[in-house]
Structure formats: structure tokens, C-alpha cells
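Fold and contact review
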Amino acid sequence: MQQWWKESVVYQIWPRSFADGDGDGIGDLGGITSRLDYLATLGVDVVWLSPIYPSPQDDAGYDISDYQDIDPTFGSVEQFDALLAAVHERGMKLVMDLVVNHTSDEHPWFVESRASKGNPKRNWYWWRPAREGMNAGDPGAEPNNWGSIFSGPAWELDETTGEYYLHLFSRKQPDLNWENPEVRQAVYAMMRWWLDRGVDGFRMDVINFISKVTSLPDGHVHDGSLYGDAMPYFVDGPRIHEFIQEMHREVFAGREGLITVGEMPGVTVEEARLYTDPARRELDMVFQFEHVQVDHGETRWDPRPLRLRDLKAILGRWQAGLAKVGWNSLYWNNHDQPRVVSRFGDDGEHRVRSAKLLGTVLHLHRGTPYIYQGEELGMTNAPFASIDDFRDIQSLNHYAEAVSTGADPKAVLAALRVLSRDNARTPMQWDDTENAGFTTGTPWIAVNPNHKGINAQTELADEDSVFHHYRRLIELRHTEPAVAHGDFRMLLADHEQVYAFARRYGSTELLVLANFSGEPTTIEVPDAGRWQGAELILANYAVDATGGMRHLALRPWEARVYRVRSPLGSTKDNIVTNPS
Ligand code: TEU
């Protein structure tokens, strides 16, 4: 079965907040196992688990201190094997998170590396002396001017040897030195260990950061920034394709049925084509970031209103760029992004319709869609009242740095409310009981009070819910080959309110229309003759089918999917929805 993942939908579980099986207030493997039937009902093909390995939890598990074990907070290796078997029994696959740009500073590799300059593992990380002519520890004596993605400098002085180590993320996440072949072989051996255990692939954390320009030059300091811009020196670095190809040879060659996706901040379409061209044997697909930066201003913490034309231009460019070679992954949400219904939809009056519209638009693109836990319920951002309500290191560090350099705390908090990663990290809303059915203990981060109305139990019981709409989207991908394999044509690219596109596969054509606003609008359907007599196969409103296709009135946040087949094909089969 070649490229089965083109017809698949992936569901991301962020274990800390999915389901707590033992009542300690933190989600775990027992909790996940108890909810697998829910995922089977939704119909997803693949489950991706964010990190569950032993970790000091400085960055919620993305700081790993042992790659080949399970953190006791989440369970045991035995429980993991049971979970994997239970996933497979239901015909689903399981993908692990692979975090190998950095380890925890408590990983034995780093503990050894920092022990002395002569330690055999010294060169497993990036160690550098103080800037020439300066003394270690002096202000500004860091080896270069790079800033950490989690605020502060990207260097930490280690008193034992008087040298600094590089950490693109927190100081508890030292970067591994991929120039060293021993590092690469150790990582590949660990990956094979998981595959031998039966896992079905990896989501690879910031994998396009692993090759650095080894001279580590100072970066350009942009206006208003405290640090140099290091991106040009580690994003898609000089040896990146060589490393990924080597990984493919050493780990994936000769194994069937796997899926690999590289998380790649800063990746361009041109680079993505190289990463995902099957002939190059690198990765199946990548996560790009352009569309989730569309509402950022000067910095990541400067929210701007969405301009739909910009979003369409970005996603349209990615569709076109990977049309012939390579493959897209499609996502609105993950554990690092605010909730999409609050971000690009309307989490008030039109929450249900806009959540369905967003799902429809995403899942009808060409690529493999990813659903982040709770997205299928239309879960929203959280009402964080003060900085004490946040838990995420990136959010807390940013607040501290911004306030200490003179920003207005209220303004910083306002931006965090909109863009903080913690919006994605509040507990999964299973039911309307006190802790949303997530835990019998005290949740590690507050449950969103709107779980009284927004929860899985209510959604499952209502055929017209966001959940069932997502279920139909997945079913449509499984039953209508044009969804997975059709080409993509953007329509009405300049329209400020409507997202419209067509898909074509053989004799089947699909038309997707979505009014991205709370205002009604009427559109002139491009090439309307082509769609006369089209069958409506999915919608988020009841539609009166008697009107023609030339002019269509779209209600607030209305989304429709139409299908036409060549005269030879039937138009009555495969109806996946009963819009009401
Ligand atoms: O994230 C990579 C990353 O750079 C961004 O997602 C960043 O966290 C932020 O959202 C952009 O400002 C990955 C993981 O998904 C994230 O959870 C980890 O914190 C990070 O790598 C480090 O492992």
C-alpha cells in the first residue's frame, strides 16, 4: 500500500491534558487507552502522541532525559505496549514525537558532556568559550548574540568548565551536535528501538534546526530586538538534507507502512519540496508555519486581525508548490497554537458554524489533515485572568522579559491571552462535570469553564455537532478519492470574505465555498455552468437545493461542498451528510 497516509487523518494527543487515568491531575497512558473508542468513533487513522518520555517537564516533555522509557507521570513501558496494541486492534496507527534537536540538561549524555572538557561526550553538544577578549560570565560575553526562542540569550555558562553551551530553546534544552557522527548513530539506534517495538512513525520536532552553520556567526539585530536573528544559521542548515537522507537509510529503509512528518519552523515551499520528494528519500511531509504566522505583526507576540486574502495566498502557494512533487500536511491547531475557532473563527455566536467551516476548508485541501485534541469539539481559547493562570515556559519567560524591559504588563497579558500556547493546553472537555471528566483530582492547569456547554458527551449525542461534522469530513476523505488525490485550484483569490476552491480527480470535481465572516454575502460562482446540477455533499446549514449555481447567497460562516461527476458516473452514491 503506497502512500496510505494521503487518505488518512491524524489525531494529535497532548498527553498531559487528554485524560487522567490515576487521578493525579495530569493526563496519562491509562487515560488515553480508556478513550480509544472515542477516537475510533471519530474515525481517525493515526494517533500522534506528544512526548511521554522521562523528562523534568521544563518544556512540558519536549525536554527529554531518557529516550527509551516512559515518564512515571504518564505510565510505564508495559502500559505503553498495551496502548500500542489497543491502537492497532482498532485499525489505527501510532506515531511518536521525536525530539532530537536537543535533550534535557538532565539527560545522561549532557550530564557526561558537561563533566569536563575532556569527556568523550563533550563534543555531543555545542560548547564554546566566552567571546574573544571577554571573561566568561561578563555581560555580553556569550559566544555570539543569538537569542533563545524562549527569551534570554541562547547560551548558558557552565561553571564547571567555564564554557557556554547552546540552547535554542530553554536553558534546560541543550542542542545536540549533529556534526558528530556518534550523536547521529545514537539517535538512529533509538529510533529503530521504537520501530522494532511496533510504532508506526515519527513526528520530528524542529527537525530542520539540526544542522547549524558551524562557525555560529552573530545574527542581524532587528529594530526593537534584544538579540541577533539566528534563523539564517540554523533553519534548513548546510547539511540538513544529508542528515535526513542518512536517517532515512539508517532507520526507515526496508520498513513498510510508516509515516514521517518533520516540524519545520521557517521552512520555505522550495525546501519543503526537497524534504518531501519521494525520490529523495527524506520525509513524507512537513509542518510549515507561514499560515499560523499570518496574524502576527512584528513579533510572535504582536497579534493582528486575520486578512483572509493573506491566508488564502499562503495556503494557495503551498498547494501549488507541492502539487506535482511532495505532499502537504494540513493543520490549524497543535499544542503550540491558540485554538482556531477563537483565532480565525467566531467563538461566540457562531462558534459551531465557524468551527465546522474551518474544519471543512482545511480537510478539503490537498494534504494530510491533523486534528488537535478538542478541535473536533470546537474548543476555544481560555479565559486566563492573570499571569498566574499560565504554565507554559515560553509564555512565562516572555512575560518576565517583556515586563522587565519596560512593557506594560496589561498589554503583555492581553497578547498572551490571544496567542499563548496554554490556550491549547487546557484539559480536554469530556463532559459537564466539575473537571470536565478529565480528572478526579486537581487539574494541573484550569479547565475551561465553558466545558459546561462544550464537551464530548454533548457533541456525541448531537448529530449536528462539530464532532459529527469532523467525523463526516474524515469519512469523506475515506470514500471520495478526489479529496485525497484531486488537484487543487484556488477560486476568488482576491475575495476578502469567501474562501473558495475546486478539486478535480478523474471525472469527479468538488467545489468548496466558505464564508469566513459573520456577514452574509452573495458570490458569483466562477465558471458556474460547470457546477449546474452539482450535488451538495457536505454543509453546515440546511440548503434549499432548488436555486441555480450562478449566484449563491452564503449565510454567516456558511460552508458548502459540492460534487459533480462526469455523465457516466452516478451522482447519488457516497452521500456523507444529511445537512440540517
Ligand atoms: O516547537 C517549535 C517552535 O519553535 C515553536 O512551535 C514555538 O514553540 C512557538 O510556538 C513559536 O513561537 C516545538 C514543539 O512543538 C514545542 O512544543 C517545543 O516547545 C519546541 O519545539 C522545543 O522542543
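What this report covers is the structure whose coordinates are included nearby.

Describing the overall build of the protein
Per the secondary structure count, the protein includes 16 helices and 18 strands. Referenced to the eigenvectors of the C-alpha coordinate spread, the extents of the protein come out at roughly 80 × 55 × 50 Å. Looking at the 580 residues of the protein, the share that counts as buried comes to 59%. The long-range share in the protein, meaning contacts at least 24 apart out of those at least 6 apart in sequence, stands at 70%. Working note: accessible area of the protein is about 21800 Å², and carbon and sulfur atoms make up 49% of it. Charge separation in the protein, taken as the distance between the mean sites of 56 positive and 84 negative side-chain charges, equals 6 Å.

Section: the environment of His-335
Assignment of secondary structure puts His-335 in the loop between β10 (329–330) and α10 (340–343). Once residues within four sequence positions are removed from consideration, His-335 is found in contact with Gln-12, Trp-14, Ser-50, Tyr-62, Arg-203, Tyr-372, Arg-421, Ala-424 and Arg-425. A polar atom in the side chain of His-335 sits 3.3 Å from the side chain of Asp-336.

What to know about the pairing of strand β3 (residues 93–98)
Across the six residues of β3, five count as buried, placing the element largely inside the fold. Assessed by its sense of winding, the connection that carries the chain from strand β2 (residues 46–49) through helix α3 (residues 77–89) to β3 is right-handed. In this sheet, strand β7 (residues 201–204) lies alongside β3 in parallel orientation, the contact comprising three bridges. Bridge pairing links Leu-98 to Met-204 in β7.

Points about the packing of helix α8 (residues 269–276) against helix α9 (residues 308–321)
For the pair α8 and α9, the least separation of the axes is 10 Å and the interaxial angle reads 40 degrees. The angle between the axes of α8 and α9 places the two elements in the oblique class. Crossing of α8 against α9: the hand is right-handed. Across the interface between the two elements, Val-269, Ala-272 and Arg-273 from α8 touch Arg-317, Trp-318 and Gly-321 from α9. In terms of residue class, the contact of α8 with α9 is made up of three nonpolar, one polar and two charged.

With respect to the sheet that holds strand β8 (residues 259–263)
The pairing of strands in a sheet happens through backbone hydrogen bonds and is either parallel or antiparallel. Strand order across the open sheet formed by eight strands is β9-β8-β7-β3-β2-β1-β11-β10, with parallel pairing between neighbours. This sheet does not close on itself; its edge strands, each paired only once, are β9 (285–287) and β10. As judged from the four bridges shared by β7 and β8, these two strands associate in the parallel manner. Bridging from a neighbouring strand, Met-204 pairs with Gly-262 of β8. The strands touched by helix α5 (residues 181–197) are β3 and β7; relative to β7, the strand with the most contacts, the crossing angle is about 135 degrees.

So, the side chain of Ser-148
Relative to the helices and strands, Ser-148 is located in the loop between β4 (127–128) and β5 (155–158). Contacts of Ser-148, omitting those with residues within four sequence positions, involve Pro-153, Ala-154, His-167, Leu-168, Phe-169 and Ser-170.

As for the nonpolar core
Grouped together as the largest cluster of nonpolar side chains are 147 residues, with contacts concentrated most on Phe-80, Met-191 and Phe-516. Counting residues per element, this core draws most heavily on α5, which supplies eight residues. Each residue touching Phe-516, except ones within four places of it in the same chain, is listed here: Leu-306, Leu-308, Leu-311, Phe-344, Leu-357, Leu-358, Val-361, Gln-497, Tyr-499 and Trp-557. In terms of nonpolar packing, the next biggest core, distinct from the first, is built from 18 residues, Trp-126, Leu-168, Ala-230 and Phe-234 among them.

As for the packing of aromatic side chains
Under the counting rule described, the total for this entry stands at 33 aromatic pairs. Their ring planes at 50 degrees and their centres at 5.7 Å tell us that Tyr-67 and Trp-109 sit as a pair that is tilted. Linking Tyr-67 in the loop between β2 and α3 with Trp-109 in helix α4 (residues 108–113), this pair joins segments that are 42 residues apart in sequence. Residue Trp-109 is classed as buried on the basis of its relative accessible area of 15%. When the ring of Phe-516 is compared with that of Trp-557, the centres are 6.1 Å apart and the planes differ by 50 degrees; the resulting orientation is tilted. Note that Phe-516 is positioned in the loop between β14 (508–515) and β15 (521–524) and Trp-557 in the loop between β17 (551–554) and β18 (559–565), a separation of 41 residues in sequence. Residue class for Phe-516 comes out buried when judged on its relative accessible area of 8%. Three or more aromatic residues joined by ring pairs make a cluster, and in this case those are Trp-146, Phe-150, Phe-169, Phe-209, Tyr-233 and Phe-234. One Lys or Arg, Lys-121, reaches over the ring of Trp-124 and ends 4.7 Å from the middle of that ring. Sitting over the ring of Trp-301, Arg-300 keeps its end group 4.2 Å from the ring centre.

Quick notes on the rules
- Residues numbered from 1 in each chain as written.
- Predicted model: local features only at pLDDT ≥ 70, side-chain atom pairs only at ≥ 80, totals over all residues.
- Heavy atoms only, no water.
- Helix = DSSP H or I, 4+ residues; strand = E, 2+ residues; numbered from the N terminus.
- Buried < 20%, exposed > 50% of the residue type's maximum accessible area, 1.4 Å probe, protein only.
- Contact = heavy atoms within 4.5 Å.
- Areas by Shrake-Rupley, 256 points an atom, 1.4 Å probe, with all protein chains shown as cover.
- Lys, Arg positive; Asp, Glu negative; His and termini not counted.
- Charge placed at Lys NZ, Arg CZ, Asp CG, Glu CD.
- Polar contact = N/O pair within 3.5 Å; in protein donor to acceptor, adjacent residues only side chain to side chain.
- Right-handed = clockwise from strand over helix to strand, strands pointing away.
- Pairing = 2+ DSSP bridges.
- Axes fitted to C-alpha atoms, helices over the stretch in contact; angles between N-to-C directions.
- Parallel < 35°, antiparallel > 145°, perpendicular 65-115°, else oblique.
- Left-handed = near helix turned anticlockwise from the far one by under 90°.
- Nonpolar A, V, L, I, M, F, W, Y, C, P; charged D, E, K, R; others polar.
- Core = buried A, V, L, I, M, F, W, Y, C linked by side-chain atoms within 4.5 Å.
- Phe/Tyr/Trp six-rings, centres within 6.5 Å; stacked < 30°, edge-to-face > 60°.
- Lys NZ or Arg CZ within 6 Å of the ring centre and 35° of its normal.

Everything listed here is a matter of coordinates, which is why it stays silent on function.
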